[in-house]
Amino acid sequence: MAMIAAFELPDARSNSRQSAELWDTIEPRHREHLEIQWAQALTELLAQMPADHREESAHWNWPDKLDRSDGIIGRQAYIIECGGMTQAVMLVDLNKTSRFPATRGESIVYVDYLQTAPWNWKRDCQPHPQFRGLGTMMLQVAIQLSLELDFDGRVGLHSLPQSEDFYRARGMKDFWRDPDYDCLVYFEMTAIQATSLPNRGDL
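Overview of the structure. (Residues numbered from 1 in each chain as written. Predicted model: local features only at pLDDT ≥ 70, side-chain atom pairs only at ≥ 80, totals over all residues. Heavy atoms only, no water.)

### A short note on the overall build of the protein chain
Scanning the protein chain for helices and strands turns up five helices and eight strands. When the elements of the protein chain are put in sequence order from the N terminus, they spell out β-β-α-α-β-β-β-α-β-α-β-β-α. Since a compact globule built from 203 residues should have a radius of gyration of about 17 Å, the 17 Å found for the protein chain is in line with a globular shape. By principal-axis analysis of the C-alpha atoms, the protein chain measures approximately 45 × 40 × 35 Å. For the protein chain, the residues scored as buried account for 49% of the 203 residues in total. Contacts in the protein chain between residues far apart in sequence, at least 24 positions, make up 62% of those at least 6 positions apart. Put simply, the protein chain shows about 10300 Å² of open surface, and 49% of that area lies on carbon and sulfur atoms. Counting 20 positive and 30 negative side-chain charges, the protein chain places the centres of these two groups 5 Å from one another. (Helix = DSSP H or I, 4+ residues; strand = E, 2+ residues; numbered from the N terminus. Rg over C-alpha atoms; globule rule 2.2 N^0.38 Å. Buried < 20%, exposed > 50% of the residue type's maximum accessible area, 1.4 Å probe, protein only. Contact = heavy atoms within 4.5 Å. Areas by Shrake-Rupley, 256 points an atom, 1.4 Å probe, with all protein chains shown as cover. Lys, Arg positive; Asp, Glu negative; His and termini not counted. Charge placed at Lys NZ, Arg CZ, Asp CG, Glu CD.)

Now the structure itself:
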């Protein structure tokens, strides 16, 4: 497993298109990006935010998450790299099943974690992020994986409160606040929804 796709991303800051790559393996440089450049950029971004603002994914430690998933059957990481830097990362679990009544118990691609680089977040103190739409792209990767595995495009996840509207805008069905998962809302995308993923808003 290695680089599996090449494409271009519009760079809002340079008003140009940049060559990008999708990877299904984590190279040493990706770990370095997550551990050093992402952490530094997050610290700088949080310093610009109001003291009472809570960035819900700020505590995520990607090197640790990747280490704990390494070698576990059914766990897979994906990276979008552009401009020599990791721009988005997603960790999926293929061991989960559907909660949708019509397909309950059938296999899904479960998105365990999905995050874009801090400089790609749109916030009041950062109104012009560099790359947009990466969250939607990663969802499309999860859907494509689901199709390739004959899961019919089914994708599920638990969402942080700040991201709930993002997943609703993509047509995912929200079920309930899961008491067994920090009371986060569980979302699932059915096979029909997966074929018409809307591209409204960005993560």
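### Topic: the pairing of strand β3 (residues 75-82)
Burial analysis of β3 places seven of its eight residues in the buried class, which makes it a mostly covered element. Bridge count for strand β2 (residues 16-23) against β3 is four bridges, and the pairing is antiparallel. Bridge pairing links E21 to E81 in β3. As judged from the eight bridges shared by β3 and strand β4 (residues 85-93), these two strands associate in the antiparallel manner. Bridge pairing in β4 links C82 to M85. In this antiparallel pair of consecutive strands, β3 and β4, the connection spans two residues, and G83 shows a positive phi of 60°. (Pairing = 2+ DSSP bridges.)

### What about the sheet that holds β4?
If you trace the eight strands from one edge of the open sheet to the other, you get β1-β2-β3-β4-β5-β6-β8-β7, paired in mixed fashion. Of all strands in the sheet, those bounded by a partner on one side alone are β1 (3-11) and β7 (173-178). Each strand of the sheet is rotated relative to its neighbour by a mean of 25°, with strand direction disregarded. Relative to the sheet, helix α3 (residues 134-148) contacts β1, β2, β3, β4, β5 (109-116), β6 (155-159) and β8 (184-189), its axis offset from that of β5 by approximately 160°. (Axes fitted to C-alpha atoms, helices over the stretch in contact; angles between N-to-C directions.)

### Focus: the pattern of salt bridges
Enumeration according to the criterion identifies 14 salt bridges in this entry. Salt-bridge contacts for D112 lead to R75; the nearest nitrogen and oxygen are separated by 2.5 Å. Of this pair, D112 sits in strand β5 while R75 is found in strand β3, placing the two residues 37 residues apart along the sequence. Notably, a salt bridge pairs D152 with R154, separated by 3.3 Å at the nearest N-O pair. Three or more residues are tied together by salt bridges with common partners; here these are E164, D165, R168, D174 and R177. (Salt bridge = Lys/Arg side-chain N within 4 Å of Asp/Glu carboxyl O.)

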